[in-house]
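# Analysis of the macromolecular model
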Amino acid sequence: MKMQLSEIARALEIQDVPDAWNDIEVNNVHFDSRKLLPGSLFVPLKGERDGHTFIKNAVDAGAVATLWSKDQAELPDGIPALVVDDPLQALQTLAHYYLDKINPKVVAITGSNGKTTTKDMTAAILASQFNVVKTEANFNNEIGVPMTILGMNSNTEILVVELGMDRPGQLDFLSKIVQPDTAVITMIGEAHIEFFKTRDRIADAKMEITHGLKEDGVFIYNGDEPLLTERAKEVEADQFTFGMQSSNQLYASNIEGNDVETSFSINLDADKRFEIPMIGQYNVTNALAAIAVSQNYHIKLDDAVKALKHFDLTKNRTEWLDGRKGERILSDVYNSNPTAVKLVLASLAKTETKGRRIAVLGDMLELGEQAQSMHEGLKDSLDPNEIEEVFLVGQEMNNLYKALDGKYDESHLHYYQASELNHLSSDLENLITADDIVLLKASHGIHLETVVNELTKN
Ligand SMILES: CC(=O)N[C@H]1[C@@H](OP(=O)(O)OP(=O)(O)OC[C@H]2O[C@@H](n3ccc(=O)[nH]c3=O)[C@H](O)[C@@H]2O)O[C@H](CO)[C@@H](O)[C@@H]1O[C@H](C)C(=O)N[C@@H](C)C(=O)N[C@H](CCC(=O)N[C@@H](CCC[C@@H](N)C(=O)O)C(=O)O)C(=O)O
Ligand SMILES: Nc1ncnc2c1ncn2[C@@H]1O[C@H](COP(=O)(O)OP(=O)(O)OP(=O)(O)O)[C@@H](O)[C@H]1O
Ligand SMILES: C[C@@H](N)C(=O)N[C@H](C)C(=O)O
């Protein structure tokens, strides 16, 4: 972004600012002094600590102005301060103002799983014809979405923004900030079900993404999910469905996969053959969502084919890596929940290998009272004839460990406390050979990426 400080003050309805602010240009916004660039507006937020205490760091890093909570005892030295009731709310207000100013088309994407992958795929296809800005990494909540909006530049034509939630009402709030022209729901799983109790209530919360949809907006959703098809009847906007079933307006056929890519055809044009550099039928579903969005913006299918062959995928989403001993590592460690684990285990079981298939599964968090049964329920996705070695990590995975007793010989079934990741890494190092495939999947909070880093470091 580029804005005069005086314009930012007007956007925040701050009166009587110094004329000198007309000559101060702000070219970035950040809430972390360790990451902000010279010329930035610093936004002090409260986490474990209070961001206000890092104002000197922000000034040293080149901040040219700062938001400042009216609750602070005194103003900061040596930097223009825009005094506001709440810096987070001010960040959101500024983002809404800036979105209106740039006025891009907005594609908003949510879903229990697949938001980030679909966002990356969608942005890649749309970029073949438009100037696109997309959510970086997983910046998808009440802080991340405003940051994404403020990351646009004056010639941004389409904003592809990921909207996350783990409580009712959050998507309603975010949808009304971004006011999408296109709202996408990838699927309904069990992510954060601890705070919803049922998938029905997760679906209710996901449908909130349509609350900010523009008058002439389009709602694009996974038509294979009954929880969505039934709720879509209440949505007045134009709609478009994608999925594996031929009842969808866009569906895939002739799906073929190997260990590094998956190809498929679509009903819109049988002559087109798509390839994605990922495994898993679920990633075909994500690609269908992206293709569906692209047709809303009249992108040629040939351009969609090209874009999906090679696109910039955010790390740790079913990502192939090379292990130190020559093994292939499938890193899927950003998050985890039952549907995702079952699907990625099914993909692993079908992946060709000269050696063994090894699954390293960490706890699935935020499942609430269903945690035990959902962890035990993974036993049906593990077959020693397909996945020879199983390593389980975390308190909840102890339930699966017990459930697999008798199905796996104890010499091929291993259990670790979440605090024993170093022990797990060394045991894996000792076991793995160059011909093996190793899948690692766990919730973010288990930090299985530390094991991935150990297995892949040069
Ligand atoms: C407020 C904040 O910045 N939090 C980030 C901060 O957390 P922490 O509590 O550790 O902050 P500190 O106490 O260290 O510092 C306080 C503030 O001071 C700043 N600061 C610190 C040191 C310094 O030298 N200079 C400084 O300026 C600092 O920046 C703080 O502002 O740090 C963590 C580690 O980096 C961050 O993770 C934390 O970020 C929070 C979680 C956040 O919300 N970040 C957003 C930008 C974001 O979108 N993060 C996404 C993950 C979002 C997510 O999990 N989404 C869920 C669904 C939505 C759930 C929603 N209810 C939610 O709350 O998230 C999903 O399932 O996808 C990401 O980072 O990937
Ligand atoms: N369509 C899908 N259906 C089921 N599981 C999926 C789907 N897409 C991705 N996954 C699984 O979810 C993992 C995370 O994918 P991705 O990051 O795209 O989801 P997300 O919704 O952005 O997650 P988060 O809520 O953490 O942002 C993948 O590595 C894969 O295991
Ligand atoms: C980290 C956040 N995006 C998330 O998905 N949390 C759940 C609990 C997970 O990590 O599986």
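Residues numbered from 1 in each chain as written. Chains lettered and ligands numbered in written order. Predicted model: local features only at pLDDT ≥ 70, side-chain atom pairs only at ≥ 80, totals over all residues. Heavy atoms only, no water.

### Observations concerning the domain arrangement of the chain
- The assigned domain composition of the chain is domain 1 (3-85), domain 2 (103-309) and domain 3 (319-456).
- Between the C-alpha centres of domain 1 and domain 3 there is a distance of 45 Å. (Domains from an automatic or database assignment.)

### Re the UniProt feature "domain: Mur ligase N-terminal catalytic" (unreviewed entry) in the chain
- Per the UniProt record, "domain: Mur ligase N-terminal catalytic" (unreviewed entry) is annotated on residues 26-96.
- Across residues 26-96, the secondary structure splits into 23% helix and 23% strand, with the terminal C-alpha atoms separated by 17 Å. (UniProt positions renumbered as here; feature names shortened; annotations may be inferred. Helix = DSSP H or I, 4+ residues; strand = E, 2+ residues; numbered from the N terminus.)

### Section: the sheet that holds strand β12 (residues 238-243)
- As summarised here, the arrangement of the nine strands in space is β8-β9-β7-β10-β11-β12-β13-β14-β15, forming an open sheet in which the pairing is mixed. The sheet is open, and its two borders are formed by β8 (132-134) and β15 (269-276), each paired with just one other strand. With strand direction ignored, the average angle separating the axes of adjacent strands in the sheet is 20°.
- Pairing of strand β7 (residues 105-110) with strand β10 (residues 182-185) involves four bridges; the strand directions are parallel. Considered in β10, the bridge of Ala 108 is made with Ala 183.
- Contacting β7, β10, β11 (218-222), β12, β13 (250-257), β14 (262-266) and β15, helix α9 (residues 281-296) runs over the sheet at an angle of about 140° to β13. (Pairing = 2+ DSSP bridges. Axes fitted to C-alpha atoms, helices over the stretch in contact; angles between N-to-C directions. Contact = heavy atoms within 4.5 Å.)

### Notes on the site of ligand 1
- Taken together, 25 residues lie around ligand 1, and Ser 33, Glu 48, Arg 49, Asn 140 and Asn 141 are the ones closest in.
- Within the side chain of Asp 166, an N or O atom sits 3.0 Å from a nitrogen atom of ligand 1.
- Expressed as a share of its isolated accessible area of 1,200 Å², the protein-covered part of ligand 1 is 72%.
- Assessed atom by atom at 2 Å from the grid points, ligand 1 resides in the second largest pocket.
- Per-domain counts for the shell around ligand 1 show at least three residues from each of domain 1 (3-85) and domain 2 (103-309). (Near = heavy atom within 4 Å. Polar contact = N/O pair within 3.5 Å; in protein donor to acceptor, adjacent residues only side chain to side chain. Areas by Shrake-Rupley, 256 points an atom, 1.4 Å probe, with all protein chains shown as cover. 1 Å grid on protein atoms, 1.4 Å probe; cavity = no way out; pocket = protein on both sides within 12 Å on 5 of 7 lines; lining within 4 Å. Sits in = over half its atoms within 2 Å of the grid points.)

### Regarding the side chain of Asp 120
- Relative to the elements of secondary structure, Asp 120 occurs in helix α4 (residues 115-126).
- A polar contact is formed between the side chain of Asp 120 and the side chain of Thr 314, at a distance of 2.8 Å.
- Setting aside residues no more than four positions away along its own chain, Asp 120 makes contact with Lys 134, Phe 311, Asp 312, Leu 313 and Thr 314.

### Side note on the confidence of the model for the chain
- A residue-level look at the chain finds 100% of positions with pLDDT of 70 or above and a mean pLDDT of 97.
- With a pTM of 0.96, the predicted complex shows an ipTM of 0.96. (pLDDT = per-residue confidence, 0-100.)

### Details of the sheet that holds strand β17 (residues 328-332)
- The six strands are arranged β16-β17-β21-β18-β19-β20 in an open sheet whose pairing can be described as mixed. The two strands at the open ends of the sheet, each matched to only one other strand, are β16 (319-322) and β20 (413-416). Taking the axes of each pair of neighbouring strands and ignoring which way they run, one obtains an average angle of 20° across the sheet.
- Inspection of the sheet shows strand β19 (residues 389-393) paired to β20 by four bridges, in the parallel sense. Residue pairing for β20: Leu 392 is matched across the bridge by Tyr 415.

### Observations concerning the environment of Thr 351
- Along the polypeptide, Thr 351 turns up in the loop between α11 (338-350) and β18 (357-362).
- In this structure, the C-alpha to C-alpha distance between Thr 351 and Leu 330, residues 21 residues apart in sequence, is 11 Å.
- Beyond its immediate chain neighbours, meaning those up to four positions away, Thr 351 contacts Asp 259, Ile 279, Trp 320, Arg 357 and Ile 437.

### What to know about the nonpolar core
- By size, the foremost hydrophobic cluster in this structure holds 84 residues, and its most contacted members are Leu 82, Ile 149 and Leu 382.
- It is helix α3 (residues 87-102) that contributes the most residues to this core, seven residues altogether.
- Core analysis: the next-biggest nonpolar cluster, separate from the first, contains 35 residues, Ile 158, Ala 252, Phe 264 and Ala 287 among them. (Core = buried A, V, L, I, M, F, W, Y, C linked by side-chain atoms within 4.5 Å. Buried < 20%, exposed > 50% of the residue type's maximum accessible area, 1.4 Å probe, protein only.)

### Description of the site of ligand 2
- The immediate surroundings of ligand 2 are formed by 21 residues, with Lys 115, Thr 116, Asn 138, Asp 332 and Asn 335 found nearest.
- One nitrogen or oxygen atom from the side chain of Thr 117 is found 2.7 Å from an oxygen atom belonging to ligand 2.
- With respect to ligand 2, the side chain of Asp 332 contributes an N or O atom lying 2.3 Å from an oxygen atom.
- Computed on the free molecule, ligand 2 has an accessible area of 630 Å², of which 95% lies beneath the protein chains in the complex.
- Looking at the shell around ligand 2, the elements with two or more residues in it are α4, α9 and α11.
- At three residues, the largest contribution of residues to the shell around ligand 2 is made by α4.
- Residue composition of the shell around ligand 2, by class: five nonpolar, eleven polar and five charged.
- The residue makeup of the shell around ligand 2 includes at least three contributed by each of domain 2 (103-309) and domain 3 (319-456). (Nonpolar A, V, L, I, M, F, W, Y, C, P; charged D, E, K, R; others polar.)

### Details of the environment of Asp 77
- Residue placement: Asp 77 occurs in the loop between β5 (65-69) and β6 (81-84).
- Counting along the chain gives 345 residues from Asp 77 to Asn 422, while the straight-line C-alpha distance between them is 46 Å.

### Overview of the pairing of strand β21 (residues 437-441)
- For β21, the buried fraction is high: five of the five residues fall into the buried class.
- Where burial is concerned, the two faces of β21 agree: the one with Ile 437, Leu 439 and Lys 441 and the one with Val 438 and Leu 440 are both buried.
- As paired strands, β17 and β21 are joined by five bridges and run parallel to one another. Residue pairing in the sheet places Ile 329 in a bridge with Val 438 of β21.
- When β18 meets β21, the two strands line up parallel, connected through five bridges. Bridge pairing links Ala 359 to Leu 439 in β21.

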